[in-house]
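# Observations on the three-dimensional arrangement
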Amino acid sequence: MCEQRIGGDMETTAPEPARVNVLAFASPTTTRYLAFLAALLSAGIFVGNWAHNQTQGRHWVRVVVRCAAQAHAQQARTALPSVQAELAREAQESKCRGAAELRRAAYAVGGAALAGAGGLVVVYLAPVVVRRRRRLRRLGASLQEASDRFATLAAQAGVRSTPRIERGAADQCDAFSYGVPGRSRVVLPPAVVVRWRDQWLFDPLVRHELAHVRHRDVALAWLARSVWYALAPLLVLPVVVALLSSDRSILGDFLWRAALLGLTVLLVSAALLRSREHDADLRAAQIAGEIESLTALLRRRASQTRQNPLRRLAARHPTPHQRILVLHNPERAVAVTFLDGLTSAFLAGLLFPLIASVLSVVFAARGRSDLGNYIAALLAGLLLGGSVGLGLWRAALAERIAGAHGRVAPVAVGVGIGLVLGQLVSLASTGSGAIAGLDHPTWLAVSAALGCGATALSAGMAQVWADAIPRMRRHVAMAAAAVINALIFASALWMATTLQFALDNGGLTLGRAWLVTLLPSTSLVTGTAAILALSAGWALWARTGRVAAPAWLIECGSPPAWPLGGLRAWQWALAALVSGVVAEGSLAVFRFIAGPPASLAIQAQRYYLYIWVAAAAGAACTFTVCRLDRARGAGVACLAGPLATLAAVAGFLILNTAPGGKLSARFVVGVAQAPLALGLLFCLTAALAGLIPSAAQSPRHSGSVRTRSSRLVPALLLPALGALAISALLITGRGAVVGSATTLLSSSSGNSSTFAAARSDGLRYLNITAPAIEAAYSPVKRSIVAASTAATLSRSAELIHAVVLPQLRKLLQHAEAIRPGTPQLVAIHNACLAAFRDAITQYSLLARALQHRDPSAIARIKLAQQAAKAEWTTWQLGLLRLKLGNGIPMTP
Amino acid sequence: MHATHPPDRERDVERDLVDELAQAVLQRVAPEELVVFEETAADYFREPELVLSGRRRDEAVGFGLEMALLTPYVLAVGTAVVRFLASAISEAVRDEVRDELKPVIAGPIRRLFRRDDACAAGRQEATGLGHAPTPGVTVEQAREVHRVALQQARKSGLDDDKASLLADAFVGALVVKG
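In short, a report on the structure. (Residues numbered from 1 in each chain as written. Chains lettered and ligands numbered in written order. Predicted model: local features only at pLDDT ≥ 70, side-chain atom pairs only at ≥ 80, totals over all residues. Heavy atoms only, no water.)

## Quick notes on the overall build of chain A
Put simply, the test is: Every helix listed is a DSSP run of H or I at least four residues long, and every strand listed is a run of E at least two residues long, numbered separately from the N terminus. We call a residue buried when its accessible area falls under 20% of the maximum for its residue type, exposed when it is over 50%, and partly exposed in between, using a 1.4 Å probe and counting protein chains only. By definition, residues are in contact when any of their heavy atoms lie within 4.5 Å. Each accessible area is a Shrake-Rupley result for a 1.4 Å probe, and residues are judged covered by the shown protein chains and nothing else. Positive charge is attributed to Lys and Arg, negative charge to Asp and Glu, and no charge count is given to His or to the chain ends. Charge placement uses NZ in Lys and CZ in Arg. For Asp and Glu, CG and CD serve respectively.
From N to C terminus, chain A includes 29 helices and six strands. Once the C-alpha set of chain A is aligned to its principal axes, its extents read approximately 120 × 75 × 45 Å. For chain A, the proportion of its 892 residues judged to be buried stands at 54%. A separation threshold of at least 6 residues defines the contact pool for chain A, and within that pool the share at least 24 residues apart is 81%. When the accessible surface of chain A is totalled, it reaches about 38000 Å², and 62% of it is carbon and sulfur. Mean positive and mean negative side-chain charge positions of chain A (85 and 41 charges, respectively) differ by 5 Å.

## Structural notes on the environment of glutamine 27 of chain B
Residues and elements named next belong to chain B. Mapped onto the fold, glutamine 27 is located in helix H1 (residues 8–29). With a relative accessible area of 49%, glutamine 27 lands in the partly exposed category. For the pair formed by glutamine 27 and alanine 169, sequence separation is 142 residues and the distance between their alpha carbons is 9.4 Å.

## Overview of empty space enclosed by the protein
Residues and elements named next belong to chain A. Threshold: Buriedness for pockets is judged along seven lines, at least five of which must meet protein on both sides within 12 Å for an open set on the 1 Å grid over protein atoms alone, while cavities are sets there where a 1.4 Å probe fits but cannot get out, and lining residues have an atom within 4 Å of a point. Grid points are joined across faces, edges and corners, and a volume is the space filled by probe spheres set on the points. For this classification, the nonpolar set comprises Ala, Val, Leu, Ile, Met, Phe, Trp, Tyr, Cys and Pro, the charged set comprises Asp, Glu, Lys and Arg, and every other residue, Gly included, is treated as polar.
For the structure on display, the rule yields eight cavities of 30 Å³ or more. When its volume is computed, the second largest cavity comes out at roughly 60 Å³. Lining the second largest cavity are Ala39, Ser42, Ala43, Arg257, Leu261, Leu350, Leu354, Val425, Ser426 and Leu427. Those elements giving two or more residues to the lining of the second largest cavity turn out to be helix H2 (28–77), helix H9 (251–288) and helix H13 (338–364). The leading source of residues in the lining of the second largest cavity is H2, at three residues. Looking at side-chain class alone, the lining of the second largest cavity contains seven nonpolar, two polar and one charged residues.

## Section: the nonpolar core
The test is simple: Buried Ala, Val, Leu, Ile, Met, Phe, Trp, Tyr and Cys residues that are joined via side-chain atoms within 4.5 Å together make up what is termed a nonpolar core.
By size, the foremost hydrophobic cluster in this structure holds 278 residues, and its most contacted members are Met495 and Leu519 of chain A together with Leu85 and Leu166 of chain B. For this core, the element with the most residues is helix H17 (residues 474–516) of chain A, which contributes 19 residues. With near-sequence residues (within four places) excluded, leucine 519 of chain A lies in contact with Trp494, Met495, Trp514, Val525, Ala677, Leu678 and Leu681 of chain A. Core analysis: the next-biggest nonpolar cluster, separate from the first, contains 33 residues, Ala790, Ile828, Cys832 and Phe836 of chain A among them.

## Comments concerning the interface of chain B and chain A
This is how the line gets drawn: A 1.4 Å probe defines the accessible area here, and the buried area is the portion of it lost by two parts on being joined, summed over both. One speaks of a salt bridge when a side-chain nitrogen belonging to Lys or Arg is within 4 Å of a carboxyl oxygen belonging to Asp or Glu. Within 3.5 Å is the distance limit for a polar contact, defined as a pair of N or O atoms, with the added protein rule that one can donate a hydrogen and the other accept it, and that residues adjacent in sequence qualify only through two side-chain atoms.
Contacts between chain B and chain A engage 28 residues on the former and 44 residues on the latter. For chain B, the biggest contributors to the area lost against chain A are Val61, Phe63 and Met67 of chain B; these three give 29% of the whole. Taken together, chain B and chain A are joined by seven salt bridges. Note that arginine 134 of chain A and glutamate 59 of chain B form a salt bridge whose closest N and O atoms lie 2.4 Å from each other. Inspection of the chain B/chain A interface yields 17 residue pairs in polar contact (both at pLDDT 80 or more). Elements that contribute at least two residues to the side of chain B that touches chain A include exactly helix H2 (37–46) and helix H3 (48–53) of chain B. By residue class, the composition of the side of chain B that touches chain A is 12 nonpolar, four polar and 12 charged.

The analysis is restricted to geometry; functional conclusions fall outside its scope.
Put into structure tokens, the structure is as follows:
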């Protein structure tokens, strides 16, 4: 094969160029097929929802109205402040209508299940119909030798079980494969069957079909087609019912979405089949050990192909010319294009809102509706990462051998546009009146930006990992690619969705609050940042020069030297250090100039500003490495960015601890987590810098920098200037970016520890001290109950004197020994002490009244009892405010 | 191509002649297709237009190219050639009475086929036309057969090269006097 590639001239002394084995790496089209199937099944969710609305809609509305009324009535009876009362009302309402919502979710899932089940039925029925309609038949005894030849080729092809060979009627001109999964059949046109001796016709054509069988193309293609056949009638149902009924409110909105879905099915399925054709050609050539027979067959028929641009979009086969090109240059088959990015992201955008909506309802009954977005993001991220991400990684490897270099920018733009279009077209928004589920559709730009950034990040990581490939086994590399890309895209999708929602509902105020509170607490984001940093670090450590390309990547020819390049470790490490130091240094200068914070509110603002600046240090570093190394920069930034942030965190800790501040492991984790999580978001955005084309983009060229000391200056200046500029912007615009100090906290003055320490104290009081007090109070409550149920009044008095009062006094003693760290905590704790003191007064009076039979003391007892109850409630409210403010008491 | 459908008895006779001639031609141009000739002929005569059009499908999970049998084209051209030969033998082409005599003139037509002279002679005696003139078409008739075959082949969708090859094969399958 390699010899024939260079024209069979065996007398030349030119080295044989290596032929890349593109089939060695997992094909992204398999995942794209799965995404396609998932998108179709998710459309079944819409049908299920519609069916629920038609059959159970009135009942559901009645339940919702009844639950809302009950919850409002309950709210009116409580004495809680407005925010807490609202939260309580919402929780009660959710619980009340939980059963109705679960039923709605069941209908939605049932719709998807119906589409899937229908698809399976069609998969198993279709072969029967095909066989009958196309008058397919076995070869028969007269063509036994053809059958024998087919069996021989099947054995060579490595298929798990030999498919049955059939032939078509006289009108059949092309070969094809069909059948139920696991029992494929290959149908040959009679013109080919009778020419089984022609090894330049029969053999390559049969090998091609067997390659389809081996790649499971039959199962995927027919499953996708079958699900669509099952789904299409279900989608027609709402149209028919709307036309027959008087309610046509959703008809128009639904029709254009369904039509676009149909067009998508046509174009995406055709595009997927075209991709698989190249894989089948390459596999057939690999099995044969040569490309000439297949190329000759394709050339013989090239003149038959008549293609106009529109038909080419719906064609299931590439042109013979394209196929011949790929056979000669397999790396052409792995190029990821704008359309690949667009279609994959479009499918992800279609299915995400549908899956998130049904899962949110399912988990709402358990108070975890947020899990809906998580799981939908993980699923869509897995599909998007497995198609676009895996494609980029495969391309990175193939291009190293072929000496080519693909462009990432078109793919990234395709992903960005695809995500937006998918959300726009998704059936989830049918009849909602909102575009893509948003009141302000401009926030869709968030999805576009983060989708582009995720693609750039994936491409950068692909190049970084490609450097280390010679050290890796094939399956480990594929597994790593799958996991890393899934996390990148899942995080990006989750961040885009939740940030869009926050911005759409609460504008910039809620958006920036989300960035520093909810984002850092999300394990998906922090976990992804950690895994990306570790994996980038490992790949950078494992890269090694002067090695040959891994054998499993080469089909034939001598493995070439594995090209390396990119920044040296000291360059990106220096950029990280400089970014972090300059960023934190800017903050230190600001603190020095502005002086100590005049209030806890300003201290809170400075704390949030620190989070932004530390995260921005990571962004400055990301921007720097992306500009220094367009190909690998985004991948290197997965480690360098967090290092820059940690450098800033270290600076903050030094400045905080030096004057005598407390330092603990928990404190360190607390102050590092938020900027690292926000840093991932910034990294995704700054990675777009790597998409800006430059003169030298090739991984080979972008980094022959090992001897260029001139790179020192950019590695120093660029991050310094970038960090300085971003920090200055954040500091001067802190009111707009972080928020006004008055809105962050309830104001209070007085001496206090730093804001972070105050938060830590608050959390400690909330999570440890208060539960301990309540646990210690439990036996007191039991004693009170025992005393109140005593047989005689004298006995009650005795129990109060002997048990209840000593327990209360001991409890008070312990509570008085507690020293909360801030005045606000002291105020909250004082309510607890006051409650215990009033309780002691109450039970002392009660015991005396019971002992001396003194009814006049009852009034004072009641007063003491009410006072104790009020103080106890005050204490509970203080704990609630602590919880809402995550350690800092929030004032609604 | 099939503007009229002759009655069943005549169709059987015509079909037999066409089959015989087609097999003779296939023996020259595509002998490997003879193994599936019966079925192909059955498919063709069931739906001639469909078979010739080839149902150019863009098959999912297919190969993507078109490989049609030559047999249907041979049958289509053979039909035209047989009808031409029938008209050449019989003087009254458009006479309906002569159409009814087609089974009678099958034997003489068959004698024109190069590969089946013994059978043709046997049928000739059975039909009472044992003293027919020397079998074979004239050179001019052969040229006319070539023209008819070429025209029909092109009309059926073959390119010029294949159509010419087929026309030559048809002439080659006949006995030519002179």
